[in-house]
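# Structural overview
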Amino acid sequence: MLDGITATERILAETRGRGDATAPRIIILTTHQREVAALRAITAGASGFLMKDATPEFLLAAIHAVHHGESVGAPNSTVALLKDVPYGVQRPANDSVIAPLSAREKEMFLLVARGLSNAEIAASAYISETTVKSHISSIFVKLDLVSRLQIVAFAYEHRLVR
């Protein structure tokens, strides 16, 4: 019997192994309201992390959001959650991990990592939302990530945002 995080890792690893560009999007439902569980879910590639007591309306909205490429988290802000996760010894930023990205993709990566929506990114970068989505898709491929939440976790893990 697998837990949701291990199942998420296996499902996404199998999809990547087949070279399938359309990896499934996974929302983990949990009773655990612990920050470490949310961080593990995001790092595993989940597109969402919700409490099992979420209202049906909230769950339906989350499914629609994830279907359209967005990420969802429990009601408390995921970015705030990740800022509070203890990382032990302070490490310097490791920007070499985003070296495969173009300059524009790096800009998009950092804006996503700061929690901006596609509309907000498009407005700040003077590009269309379609172009933003294209850059984000490219980021997913180049960094082997599958969700916006994973971008946030990746950025905090490598100290690319504070």
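Residues numbered from 1 in each chain as written. Predicted model: local features only at pLDDT ≥ 70, side-chain atom pairs only at ≥ 80, totals over all residues. Heavy atoms only, no water.

## What about the overall build of the protein chain?
Filter applied, for reference: Starting at the N terminus, helices and strands are each numbered in turn, a helix being any DSSP run of H or I of at least four residues and a strand any DSSP run of E of at least two. All accessibility values rest on the Shrake-Rupley procedure with a 1.4 Å probe; residue burial counts only the protein chains present in the view.
If you tally the helices and strands in the protein chain, you get eight helices and two strands. Helices and strands appear in the protein chain in the N-to-C order α-β-α-β-α-α-α-α-α-α. With the model as given, the accessible surface of the protein chain reaches about 9,100 Å², and the carbon-plus-sulfur share is 56%.

## Looking at the packing of aromatic side chains
This is how it is decided: Aromatic rings from Phe, Tyr and Trp, taking only the six-membered ring of Trp, are treated as a pair when their centres fall within 6.5 Å; an angle between ring planes under 30 degrees marks them as stacked, one over 60 as edge-to-face, and anything in between as tilted. Under the scheme applied here, a residue whose accessible area is under 20% of the maximum for its type counts as buried, over 50% as exposed, and between as partly exposed, the area being computed with a 1.4 Å probe on protein chains only.
All chains considered together, the criterion is met by one aromatic pair. Measuring from centroid to centroid gives 6.0 Å for F109 and F154, while their planes differ by 85°, and the two rings are edge-to-face. Of the two residues, F109 sits in helix 5 (residues 103-113) while F154 sits in helix 8 (residues 148-157), which places them 45 residues apart along the sequence. In terms of burial, F109 and F154 fall into one category: buried.

## Concerning the side chain of R148
The criterion, for reference: Contacts described as polar in this section are N or O atom pairs within 3.5 Å, which, within protein, must combine one atom able to donate a hydrogen with one able to accept it, while residues neighboring in sequence count only if both atoms come from side chains.
Structurally, R148 is set in helix 8. Here L116 takes part through its backbone oxygen, which lies 2.5 Å from a polar atom of the side chain of R148.

## As for the packing of helix 6 (residues 118-125) against helix 7 (residues 129-143)
Our working rule: Axis definition: a line fit to C-alpha positions, over the contact stretch in the case of helices; interaxial angles, taken between N-to-C directions, run 0 to 180 degrees. Should an angle fall under 35 degrees it is taken as roughly parallel, and over 145 as roughly antiparallel, whereas 65 to 115 is taken as roughly perpendicular and any remaining angle as oblique. Contact criterion: two residues are considered in contact whenever any of their non-hydrogen atoms come within 4.5 Å of each other.
Where helix 6 meets helix 7, the axes come as close as 8 Å, and the angle between the chain directions of the two elements is 105°. By the angle class used here, helix 6 and helix 7 are roughly perpendicular. Every residue of helix 7 that contacts helix 6 at N118, A119, I121 and A122 is listed here: E129, V132, K133 and I136.

## Here we look at the confidence of the model for the protein chain
Operational definition: pLDDT measures how confident the predictor is about each residue, on a scale from 0 to 100.
In this model, the protein chain carries a mean pLDDT of 80, and residues with pLDDT of at least 70 account for 82%. Least confident of the elements in the protein chain is helix 4 (residues 78-84), whose mean pLDDT is 51; most confident is helix 7, at 94.

## Overview of the packing of helix 5 against helix 6
Just so we agree on the cut-off: Crossing handedness: left-handed means the near helix sits turned counterclockwise from the far one by under a right angle, and right-handed means the same turn made clockwise. Residue type decides the class: Asp, Glu, Lys and Arg count as charged, Ala, Val, Leu, Ile, Met, Phe, Trp, Tyr, Cys and Pro as nonpolar, and the leftover types, Gly among them, as polar.
Here helix 5 crosses helix 6 at 135°, and the two axes come no closer than 10 Å. Considering the angle they form, helix 5 stands oblique to helix 6. When you trace helix 5 past helix 6, the crossing you get is right-handed. In contact with R104, E107, M108, L111 and V112 of helix 5, helix 6 contributes I121, S124 and A125. For the contact of helix 5 with helix 6, a count of residues per class yields five nonpolar, one polar and two charged.

## Thoughts on the pattern of salt bridges
What counts, and what does not: A pair is scored as a salt bridge if a Lys or Arg side-chain nitrogen falls within 4 Å of a carboxyl oxygen belonging to Asp or Glu.
Applying the stated criterion across every chain, the model contains two salt bridges. For E107, the salt bridge goes to R104, with nearest N and O atoms at 2.8 Å. Remark: R104 and E107 occur in helix 5; sequence separation between them is three residues, near one turn of the helix. Salt-bridge contacts for E105 lead to K142; the nearest nitrogen and oxygen are separated by 2.8 Å. Note that E105 is positioned in helix 5 and K142 in helix 7, a separation of 37 residues in sequence. For E105, a relative accessible area of 6% translates into the label buried. Its relative accessible area of 38% is what places K142 among the partly exposed residues.

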